[in-house]
Amino acid sequence: MKTIENIMVIGAGQMGAGIAQVCAQGGYTVYLHDKNDEARTKGINTIDKLLERSVQKQRISAQEKEDALKRLTLSNRLQDAEQADLIIEAVVENLQVKASIFHELDKIAPTHTLLASNTSSLPITELAAHTKRPDQVIGMHFMNPVPVMKLVEIIRGLQTSEETFQTIEQLARNLAKTPIAVNDFPGFVSNRILMPMINEAIYTLYEGIATVEDIDTSMKLGMNHPMGPLTLADFIGLDTCLYIMEVLHEGFADSKYRPCPLLRQYVKAGWLGKKSGKGFYNYS
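Residues numbered from 1 in each chain as written. Predicted model: local features only at pLDDT ≥ 70, side-chain atom pairs only at ≥ 80, totals over all residues. Heavy atoms only, no water.

A. Region of the structure containing the packing of aromatic side chains. Inspection of the entire model under this criterion finds four aromatic pairs. Both rings, one in Y266 and one in W271, keep their centres 5.1 Å apart while their planes meet at 85°; by these two values the pair is edge-to-face. The exposure class assigned to W271 is partly exposed, which follows from its relative accessible area of 33%. The lysine or arginine in question, R156, covers the ring of F165, its NZ or CZ lying 3.7 Å from the ring centre. The lysine or arginine in question, K278, covers the ring of W271, its NZ or CZ lying 4.4 Å from the ring centre. (Phe/Tyr/Trp six-rings, centres within 6.5 Å; stacked < 30°, edge-to-face > 60°. Buried < 20%, exposed > 50% of the residue type's maximum accessible area, 1.4 Å probe, protein only. Lys NZ or Arg CZ within 6 Å of the ring centre and 35° of its normal.)

Now the structure itself:
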């Protein structure tokens, strides 16, 4: 296994900031990179707030919070990848954007550096092909919110080496996460199961079978889910749900993954869920 000491996280949004936080709390030196000044500031402020909340709830000490923040460095230079043993990309779920970043990182990062993607559905094999180190490319799909959720899907691309896999699997355990091994197929495990369920809930609404509230109540009280599928879709973002369904539909060429027309309509209307103020529920 390779030794990981310095980690660079690309993207300071909700996922990237969460990944940076757990890595810093895990004792690693972390560079949180984002080219957007506002995103970097928002990212570090979010981390500070979440750590302070943990102090207030006596989950960690004030000293542990201070130590974690000391291990974090904000970065606006991709060149900082020169310092990293591992780079975890957590930018927008778009293959072209991610592939472009991997191509750039491959040129900057030292030859020993591992490249991981936090993608929730895109092919690791294809991302790896944009580098000259495909054996050192892997998927590391954290769940949201990262500091709370225990699961990490570790996705092997076709070219991923056993050493890379074992290094990342151990890293996940060091972060107090539970890793599962997944092969590189559209949607991996979690989204391949979750998204069709959400899509079917939307079809149930679309076909007039039940109201939004009753569909959610059915799954909460009938199946003991912590939240209903339509509420969950709003939290994930309806644009993200649509994108993942499109990846599944294209990847498997199976009509059972066809996105519901109502989902498409909501996204076209700009009703993206909680982040836009309106989705299946109104948050304004």
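B. Spatial organisation of the packing of helix α10 (residues 238-252) against helix α11 (residues 261-268). In the contact formed by α10 and α11, the axes pass within 9 Å of each other and the chain directions differ by 135°. The pairing of α10 with α11 is recorded here as oblique in orientation. Crossing angle aside, the handedness with which α10 passes α11 is left-handed. Facing α10, whose interface residues are L238, D239, C241, L242 and E246, α11 presents L263, R264, Y266 and V267. (Axes fitted to C-alpha atoms, helices over the stretch in contact; angles between N-to-C directions. Helix = DSSP H or I, 4+ residues; strand = E, 2+ residues; numbered from the N terminus. Parallel < 35°, antiparallel > 145°, perpendicular 65-115°, else oblique. Left-handed = near helix turned anticlockwise from the far one by under 90°. Contact = heavy atoms within 4.5 Å.)

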